[in-house]
Amino acid sequence: MENKTIWTRMMNIDRRIIYVIVAIVMILPIIFPFNLPMRVSKRTTQALFDAIDNFPSENGVFLISADLSPQDQPELYPMLVSWIRHCFHRDIKVLVMCLYPTSLGLAEQALNQVATEFNNRASTGIGRRVVYGEDFVFLGYKPPPIVPILGLGENIYEVYPRDFYGNDLRTLPMMVSKRIKSYRDMDMIGSIAANSLPITYVAYAQARFGIRVTGGVTAVSVADFYPYLDSGQLTGMLEGMKGAAEYEQLIVEKFPEDNGRRMATEGMSAQSSTHIAIILMILLGNVCYFMQRRHEKRGI
Amino acid sequence: MWYWFLAFVLLVSPGLYAQESPDSPAPPGESIDSEETIATGETISSEFQSSDMESDMGAIPAALPAEEIPTLFPPQNVVAIDVPDDDGQAVSVTWTPPTEGRPTRYILEIAGSDGFFEELTRTTLTEYTVSQLENNELYRFRVVAVYENGQSVSDETPPVAPRDHWMKLDEIPVILAILIYISLLLYFIQAARRGVELFIRRISGLTAVEDAIGRATEMGKPVLYIPGTSSIEDVATLASLNILGEVARRTVHYDVKIICPNKDPIVYTIAREIVKETYASEGRPDAFDPDSVFFLVPDQFAFAAGVDGIMVREKPATIFLMGMFWAESLIMAETGASTGAIQIAGTDAVAQLPFFITACDYTLIGEELYAASAYLGREPMLLGTLKAQDFGKLVFLFIMIVFTLLSLLFGLDAAGWVRVR
Amino acid sequence: MKRRLPMAIMFLFAIWGGISVFVGKTPVKEFDNLLRNKLLMIVGAFAIILGLGSLIFHHTQKIKRRARFWQYSYITLFALLITSFIGLFGGVRGEGGLPTIFGGTVLGAHEGLVYAFTDIKEKASFTANPAQFADPTKAVMELPREIPIEFNRFQASLLRQEIELRNTALRLSQQVVPPMISPVSNQEVPYKTDFKISLQALYEGILVPCASTMFAMLAFYMCSAAYRAFRMRNLHAGILLVSSFIVMLGQIPLATAYIPGLHELRQWILDVPNLASKRGIMIGVGLGASATSFKIILGIERAWLGGGDE
Amino acid sequence: MHIATDFWTWVAALLTLAILSFLWDDNSFYRAAEHLYIGVANGYSITLIWYNVVVPNMIDPLRGAAHVVSEQGFAAAFFTFNEHNVLNPYHDNNFFIIIPMMVGALYVTRFIPSISWMIRIPIGITMGYYTAISIPASFKASIVRQLEASILSRSDFDSAWVLVYGLLIFVTTVATLIYFFFSAEHKGVLRPISNIGILTVMVGFGASFGLTVMARISLAIGRFIFIFKDWLGMVQ
């Protein structure tokens, strides 16, 4: 016991102490938030924003595959909300579908939230009302994932004869007026997912049907997607909460009337403090390691 | 009176109008009341017109004031061809900008067998792939250039019919690559059958497997095997199931209990068969506990929660995390590490590898997972495929280097040779 | 027979899968769609029976054997039973026969007609495109208080949409809710909240928080993993440490704003070494995965058959 | 500060705390939450499979077919013609759907030992089809397209930075591939190259880890926001 220095003990610290420190560092900024400057990444966030902003025909069609689950909600949900906002601002038709049942509630909530936002604003005379069936359609869920991914390239009405609410899809005004039948009638697929689904879209939807694909992905998987971004298979993407915060900023810059809640921006301060804490802990861990090694060498 | 109603319906629903206009008994000029005609006539390019009104304009070029046309130039070289080597229903239309003037956008119009042109889409680009056409029906196209102060219509294309093709020839690079790879595979499998000695270097994570099971025996504690959290469609799951067979064989040998919770019902079924048959083929069918391989839950994090519980309560000596994983990887790996078990992980999920590397004792990176079942089994035919994998990489490297040289030295578009749509 | 037949069938379907990718003829495409969208899905649905059987067996065994913590198995079994009962008989969002929504605004669907039991009293009329509606004759209707009224599906979905909007707004803000404007009449609608035990409520009240919390625990696990594992033991560990350090710093808006070049360095790491390593691994994985697929199709790798008799 | 009054918010908050308590140690609250979670998640997926697969793909077509039989006689339900007057054996309202149902039912043969081998048939079908379509997909996305992206061209040499980047990516990709070469020991000339390869891999993993930290922290933040805002009402 006597040769256990402070460094050794620090190195083998009970992991619960680490947990407590992390919790404190995370909770404080939530209660007392602070604001931080931000820089928009060109290749990812800006590229995606520009792509949606420059859909070839006005009234474009954006298919959002919302495959977020409640667990990754803090990161992905703001992205979904931002995309829908951007589309509604630009009068782009939005199709939302889910590949997993766990996404249904959140996807519907996002659509409802943004629609309420726009309609409340419209009631004060700013912007326009958005209407289900004319501006957006919620397709719902159809398993397994490969079925809608491939099926939508052929015929959307075979995969989704009815939308989530049970309407005959062929009768919805937006589907009729835009003559939406398959990927060829859509401008881009946006895949919001915590896993490799955007790559699945690249492999199946893009490879087979040539539609542009973009991703809203958790920061964890960002590194995986760089090869695809580089080879042009992905048209921009959003990197986790940071990307979502950047996108929120771009939307407010372009559409100053937007007064929706900016959830990603809110979370970024706790984000920064925790990062700093982790960095300090890693430094501390290394200092302990080196001190202990020095101590050992001296001892022998 | 009824056709006023019809006109109203047509105006509020452009899609319907597009479909019904050929059958409409009322001539277009009459079906729209005079006020509307004047409004649309005056505001061809102005902003306040609704898009509904504008889309009607494309279909009624006759309403254009005639004297404006000569000052505006139409799009040139409108060409429509059937999209080659596809599965049909699509025609690709391309055109070039007018010789003079800058149109704000183009309107692409299509005419089917009835001969009426109707608006298809509006775009700022000079190409469009028309989809959802009927195979083997004839279609004609024309492009309207929209200017600030009016429109100009191009010539019609000759009729073209979309066709479905037997072979999607645009996939030739893929087909070639697959063929090359198949022949490599078959060659090396044959070589292995003939008994040619195939050298495979030591893979450290794999040699650790034996030691780890040995340790479990010494401690008298079970082995926990997680065959990934994906379905059977994922090849990594199949690779993991192959490794499960090898691990199960060793657990029978050392008489160690194996615990294998599953997330996917089909994977569970196969995993159970594999373990059961391994017990049978090793001569210990009685030792198979039907409750050792079980189905837990199809939900990702419920599965992680359950596995965490198993880890802290059963305290396995060795934990295998093999196959496809998502975010739950570190939840399981860290909990496993806190129980003091030896952990061997393997996945082709690049995003999860860093966590396995930090939290596990050994990690099979990417294709090492696929190599594992061949390596553990030491079956010559499986080693043959491992060799083919290596030579596949060599071929890739060779093409990559040679094509780059060709491209740099001679300025050839070598990357284009392997481009797929 | 017991091994050859399954392998032959497997091979046939593999050949079909291969053909369907490269052949564009319509009949091939149509059958492939059918196979993928319908038949395989039907086949796969049966596997869940096995899964459930296993789950129930696992827990009843535990209770029988009085294994450690066997009491908790009752929780799982009861939760399973109650959830599936509510789901199967009450519908996903309370549209089934079993009452799962109490008070407030209730909508139910049956045989294409949607009944509403609501406090909504309003006159609905439609002037929009009649083709949207299954039955245009039902376009005008009176909605008296708490009497079942027929909506067509589209109207009902719009109404339900608005009600969900209200619920969402309530949940999100817990404060004053904007007035509910009926999509049917464009007039304000009185509204009161309800209490739900529908499947959707179970999902939002139990599954969502549990899943999010499990996922959130990762933050803690990552910190402890980083503290223990990120030490400059050797060159490899050092490189891992340095690169993650830079990327982590680059995530902080504060750091990128004040440390010159950090943003660019982080981007460089992601663009160059990260790209190359991922590409290298990916190519290997692609080859390895294809080789495994080939081995299975050709019957070299037959672990899925188990061992057993020929 | 106004604490939530909604029943489900309380359930959610208590479950959140119960699961977080696992960080400290395994305890009865966690065990209860875990078992509840597993039970509800299973029940939820059964219901979804019922409504999304069983009802639309099995019950509805059979009901439709039964209806056709009652109106037009037995043959009509098997031999339905499509709009081109071609025999359509896979029409929706058709007893044809019984065939895949029977194949699926083979899964259940596992409970009957004498014919339990038949379970391999549905497994084989699923595996055969999905492994086969995975080959072109992975060749296209992970090999051919990556090959195209890896090949340098003269346009990459427009500026010095792009050139350096391009060359570095090229060299490190080659090195990574060499590292994963199993046929030869890492000796001689392969040694330094494969070392570069593994270092590249480590930089990539480090980057992944660094990026992930952010993602995971976001999630924990989301949970704490729920506790302090939605449940306790401490934060606006």
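Everything here concerns the structure above.
These numbers come from a predicted model, not from an experiment. (Residues numbered from 1 in each chain as written. Chains lettered and ligands numbered in written order. Predicted model: local features only at pLDDT ≥ 70, side-chain atom pairs only at ≥ 80, totals over all residues. Heavy atoms only, no water.)

## Considering the overall build of chain C
Here's step 1: Assigned secondary structure in chain C consists of 10 helices and 7 strands.
Here's step 2: When the 310 residues of chain C are sorted by exposure, 61% land in the buried category.
Here's step 3: Total accessible area computed for chain C in this model is approximately 12,000 Å², and 66% of it derives from carbon and sulfur atoms. (Helix = DSSP H or I, 4+ residues; strand = E, 2+ residues; numbered from the N terminus. Buried < 20%, exposed > 50% of the residue type's maximum accessible area, 1.4 Å probe, protein only. Areas by Shrake-Rupley, 256 points an atom, 1.4 Å probe, with all protein chains shown as cover.)

## Topic: the overall build of chain A
Here's step 1: Per the secondary structure count, chain A includes 12 helices and 6 strands.
Here's step 2: In chain A, buried positions account for 68% of the 300 residues.
Here's step 3: Intrachain contacts of chain A at a sequence separation of at least 6 include 75% that bridge at least 24 residues.
Here's step 4: Only carbon and sulfur atoms are counted for the fraction: they give 56% of the accessible area of chain A, which is about 9,800 Å². (Contact = heavy atoms within 4.5 Å.)

## Section: the nonpolar core
Here's step 1: Grouped together as the largest cluster of nonpolar side chains are 365 residues, with contacts concentrated most on Ile64, Leu95, Ile156, Met175 and Tyr183 of chain A, Leu321 of chain B together with Met214 of chain C.
Here's step 2: The leading source of residues in this core is helix α6 (residues 199-229) of chain C, at 22 residues.
Here's step 3: For Met175 of chain A, the contacting residues outside a window of four places in its chain are Leu95, Val137, Ile156, Tyr157, Leu169 and Ile180 of chain A.
Here's step 4: If you look at the next biggest cluster of nonpolar residues, it comprises 18 residues, including Val78, Val91, Tyr106 and Leu133 of chain B. (Core = buried A, V, L, I, M, F, W, Y, C linked by side-chain atoms within 4.5 Å.)

## What to know about the interface of chain C and chain D
Here's step 1: Contacts between the two partners involve 116 residues from chain C and, on the opposite side, 106 residues from chain D.
Here's step 2: The dominant element in the side of chain C that touches chain D, judged by the number of residues it contributes, is α6 of chain C, at 22 residues.
Here's step 3: Residue composition of the side of chain C that touches chain D, grouped by class: 76 nonpolar, 27 polar and 13 charged. (Nonpolar A, V, L, I, M, F, W, Y, C, P; charged D, E, K, R; others polar.)

## Quick look at the interface of chain C and chain A
Here's step 1: Contact with chain C, which involves 65 residues of that partner, is made by 73 residues of chain A.
Here's step 2: The salt bridge involving Arg39 of chain A is made with Glu264 of chain C; its shortest N-O contact spans 3.0 Å.
Here's step 3: Counting every contact that joins chain C to chain A gives 6 residue pairs in polar contact (both at pLDDT 80 or more).
Here's step 4: At the level of secondary structure, the elements contributing two or more residues to the side of chain C that touches chain A comprise α1 (4-22), α2 (26-45), α5 (153-173), α6, α7 (235-251), α8 (253-258), α9 (262-271) and α10 (273-297) of chain C.
Here's step 5: Grouping the constituent residues of the side of chain C that touches chain A by class yields 32 nonpolar, 17 polar and 16 charged. (Salt bridge = Lys/Arg side-chain N within 4 Å of Asp/Glu carboxyl O. Polar contact = N/O pair within 3.5 Å; in protein donor to acceptor, adjacent residues only side chain to side chain.)

## Topic: the pattern of salt bridges
Here's step 1: Across all of its chains, the model carries 27 salt bridges over all chains by this definition.
Here's step 2: Here Asp26 of chain D makes a salt bridge to Arg313 of chain B, at a shortest N to O gap of 3.1 Å. Placement of the pair is Asp26 of chain D in the loop between α1 (7-20) and α2 (28-72) and Arg313 of chain B in helix α10 (residues 300-314), with the two residues belonging to separate chains. Comparing Asp26 of chain D with Arg313 of chain B shows no difference in burial state: the two are buried.
Here's step 3: By sharing partners, the salt bridges in this structure join Asp91, Lys93, Arg128 and Asp135 of chain A into a single network.

## Quick word on unusual backbone geometry
All names here are of chain B.
Here's step 1: In the Ramachandran plot, Asn77 falls in the positive-phi region, its phi being about 50° despite a non-glycine side chain.
Here's step 2: For Asn77, the position within the fold is in strand β1 (residues 76-82).
Here's step 3: Despite not being glycine, Asn136 shows a phi value in the positive range, around 65°.
Here's step 4: Among the structural elements, Asn136 can be located in the loop between β5 (127-130) and β6 (140-147).

## Some thoughts on the packing of aromatic side chains
Here's step 1: Scanning the model with the defined rule gives 33 aromatic pairs over all chains in all.
Here's step 2: Pairwise contacts between aromatic rings join Tyr19 of chain A, Phe220 and Tyr221 of chain C together with Phe224 of chain D into one cluster.
Here's step 3: Between Arg16 of chain A and the ring centre of Trp24 of chain D, over which it is positioned, the NZ or CZ distance is 4.9 Å.
Here's step 4: Over the aromatic face of Tyr179 of chain D sits the side chain of Arg201 of chain B, whose NZ or CZ is 6.0 Å from the ring centroid. (Phe/Tyr/Trp six-rings, centres within 6.5 Å; stacked < 30°, edge-to-face > 60°. Lys NZ or Arg CZ within 6 Å of the ring centre and 35° of its normal.)

## Side note on the environment of Trp117 of chain D
Here's step 1: Examined against the element boundaries, Trp117 of chain D turns out to sit in the loop between α3 (98-105) and α4 (120-150).
Here's step 2: Sequence separation of Trp117 of chain D and Tyr107 of chain D is 10 residues, and the distance between their C-alpha atoms is 9.6 Å.
Here's step 3: Ignoring anything within four residues of it in the chain, the contact list for Trp117 of chain D reads Met1, Lys2, Leu5 and Pro6 of chain C.

## Things to note about α1 of chain D
Here's step 1: When the terminal C-alpha atoms of α1 of chain D are compared, their 20 Å separation across 14 residues agrees well with the 20 Å that a helix rising 1.5 Å per residue should span.
Here's step 2: By the burial criterion, the buried members of α1 of chain D are Trp8, Thr9, Ala12, Ala13, Leu15, Thr16, Ala18, Ile19 and Leu20 of chain D.
Here's step 3: In this structure, the buried residues of α1 of chain D make contact with β7 (195-196) and α6 of chain C together with α2 and α6 (190-231) of chain D. (Expected span 1.5 Å × (residues − 1).)

## As for the sheet that holds β1 of chain B
All names here are of chain B.
Here's step 1: Strand order in this open sheet of 3 strands is β1-β2-β5, and the pairing throughout is antiparallel. Every other strand in the sheet has two partners, leaving β1 and β5 as the edge strands with one partner each. The mean angle between the axes of side-by-side strands here comes to 15°, regardless of whether they run parallel or antiparallel. (Pairing = 2+ DSSP bridges. Axes fitted to C-alpha atoms, helices over the stretch in contact; angles between N-to-C directions.)

## Re the packing of α10 of chain B against α2 of chain D
Here's step 1: Two elements in contact, α10 of chain B and α2 of chain D, have axes separated by 9 Å at closest approach and are oriented at 140°. Here α2 of chain D runs oblique to α10 of chain B, going by the angle between their axes. Between α10 of chain B and α2 of chain D the crossing geometry is left-handed. Contact residues: α10 of chain B offers Phe301, Ala302, Ala305, Gly306, Asp308, Gly309 and Arg313 of chain B, while α2 of chain D offers Tyr30, Arg31, Glu34, His35, Tyr37, Ile38 and Ala41 of chain D. (Parallel < 35°, antiparallel > 145°, perpendicular 65-115°, else oblique. Left-handed = near helix turned anticlockwise from the far one by under 90°.)

## Side note on the sheet that holds strand β11 (residues 318-322) of chain B
Residues and elements named next belong to chain B.
Here's step 1: Spatial strand order, β10-β9-β8-β11-β12-β13: 6 strands in an open sheet with parallel pairing. The open sheet has two free edges, formed respectively by β10 (293-295) and β13 (362-365), since each of these has just one partner strand. In this sheet, neighbouring strand axes are inclined to one another by 15° on average, regardless of whether the strands run parallel or antiparallel.
Here's step 2: Note: strand β9 (residues 258-262) against β10, 3 bridges, orientation parallel. Of the residues in β10, the one forming a bridge with Asn262 is Phe295.
Here's step 3: Where helix α8 (residues 235-254) meets the sheet, its contacts fall on β8 (223-226), β9 and β11, and the angle it forms with β8 comes to roughly 170°.

## Describing the pairing of strand β2 (residues 93-98) of chain A
Residue and element names in this part refer to chain A.
Here's step 1: Judged by how many residues are buried, β2 sits mostly within the fold: 6 of 6 residues are covered.
Here's step 2: Side chains Lys93, Leu95 and Met97 of β2 all project onto a buried face; the interleaved residues Val94, Val96 and Cys98 project onto the opposite face, where all are buried too.
Here's step 3: Of the strand pairs in this sheet, strand β1 (residues 61-67) and β2 are connected by 5 bridges, and their pairing is parallel. When the bridges of β2 are listed, Ser65 appears paired with Met97.

## Points about α6 of chain C
All names here are of chain C.
Here's step 1: Under the 1.5 Å per step criterion, the end-to-end length of α6 is 43 Å for 31 residues, consistent within 8% with the ideal 45 Å.
Here's step 2: At Leu207, α6 shows its largest bend, some 30°, and a proline, Pro209, comes one to four positions later.
Here's step 3: Within α6, 29 of the 31 residues are buried, which leaves it mostly tucked inside the rest of the structure. (Bend = angle between axes of the 7 residues up to and from the residue.)

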